[in-house]
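Summary of the model geometry
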Amino acid sequence: DAGVIQSPRHEVTEMGQEVTLRCKPISGHDYLFWYRQTMMRGLELLIYFNNNVPIDDSGMPEDRFSAKMPNASFSTLKIQPSEPRDSAVYFCASSSQGQETQYFGPGTRLLVL
Amino acid sequence: AQKITQTQPGMFVQEKEAVTLDCTYDTSDPSYGLFWYKQPSSGEMIFLIYQGSYDQQNATEGRYSLNFQKARKSANLVISASQLGDSAMYFCAMRVTVSGGYNKLIFGAGTRLAVHP
């Protein structure tokens, strides 16, 4: 079975550019989570969706960050404009109703110069 | 406040020995779940083991077991017969319920384990 798929795996961009990260959850999962991992702050939950609807976006750092889930098999996290402090590993994870475990994608390593 | 604490930034163990990674948690919810994830140097987050707050027995998954002590609010991970491939960062996490009945995970800071030959 395919796990959570994220693309790109690595992204290097310049400050001010738009960055779009993509995620395909495990088929049948109805929860999708976006996390950010940095050395300073560890793993932080940015936003999560249930049945494609954003439930809690309180972890989104600022208006430069936005996330969408247009259908059950696809989500995007967009940063516009990007800043060097956005450099981090961004993980997508999914789970299903009644199942406790979240399964993580391989992550996108973002470097903003 | 709901919180996960991992007090060991780094641990090392000799190959084939057992090692315990500490995790304490704080929550006032009667229902919660505790998880351990492994993050090797390649970066992915790998689910290892889960313990529900109402589970009577400690969870086990192969060489991994979770030493759940509810009164002490601890959920330590025990790895038996350590292997070189166990060298990684290990995260303890807790499932908490937020308003609306939805669940989310909060993570500890992690413990870096090094297995020596």
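Use the structure listed above.
Our subject in this report is the structure included herewith. (Residues numbered from 1 in each chain as written. Chains lettered and ligands numbered in written order. Predicted model: local features only at pLDDT ≥ 70, side-chain atom pairs only at ≥ 80, totals over all residues. Heavy atoms only, no water.)

1. Here's the deal with the pairing of strand E9 (residues 74-79) of chain B
All names here are of chain B. Counting buried positions over the six residues of E9 gives five, a clear majority of the element. Across three bridges, the pairing between strand E3 (residues 19-21) and E9 is antiparallel. Across the sheet, the residue bridging to Thr-20 is Val-78, located in E9. Bridge count for strand E8 (residues 64-69) against E9 is six bridges, and the pairing is antiparallel. When the sheet's bridge partners are listed, Leu-66 is paired in E9 with Leu-77. Counted along the chain from E8 to the antiparallel partner E9, the turn is four residues long, and its residue Lys-73 has a positive phi close to 55°. (Buried < 20%, exposed > 50% of the residue type's maximum accessible area, 1.4 Å probe, protein only. Helix = DSSP H or I, 4+ residues; strand = E, 2+ residues; numbered from the N terminus. Pairing = 2+ DSSP bridges.)

2. Quick notes on the interface of chain A and chain B
With 17 residues of chain A at the interface, the matching set in chain B holds 16 residues. For the chain A and chain B pair, buried surface summed over both sides reaches about 1,500 Å², with 58% attributable to carbon and sulfur atoms. Per-residue buried area on chain A facing chain B is highest for Leu-43, Glu-100 and Phe-104 of chain A; these three make up 34% of the total on that side. The interface formed by chain A and chain B holds one salt bridge in total. At the surface where chain A touches chain B, the tally comes to two residue pairs in polar contact (both at pLDDT 80 or more). Of all the elements in the fold, those that place two or more residues in the side of chain A that touches chain B are strand E4 (31-38), strand E5 (42-50), strand E6 (53-56) and strand E10 (103-104) of chain A. Per-class residue counts for the side of chain A that touches chain B are 11 nonpolar, four polar and two charged. (Contact = heavy atoms within 4.5 Å. Buried area = accessible area lost by both parts, 1.4 Å probe. Salt bridge = Lys/Arg side-chain N within 4 Å of Asp/Glu carboxyl O. Polar contact = N/O pair within 3.5 Å; in protein donor to acceptor, adjacent residues only side chain to side chain. Nonpolar A, V, L, I, M, F, W, Y, C, P; charged D, E, K, R; others polar.)

3. A look at the pattern of salt bridges
Residues and elements named next belong to chain A. One pass over the structure, following the stated rule, counts 11 salt bridges over all chains. Put simply, Glu-44 and Arg-36 hold a salt bridge, and the shortest N to O gap is 3.3 Å. Glu-83 is the partner of Arg-64 in a salt bridge, and the nearest nitrogen-oxygen pair spans 3.5 Å. Separated by 19 residues along the polypeptide, Arg-64 in the loop between E6 and strand E7 (65-71) and Glu-83 in the loop between strand E8 (74-79) and strand E9 (88-95) bring together distant segments of the chain. Judged by relative accessible area, which is 10%, Arg-64 ranks as buried. Through salt bridges with shared partners, one network takes in Glu-62, Arg-64, Glu-83, Arg-85 and Asp-86.

In short, shape yes, function no, at least from these values alone.
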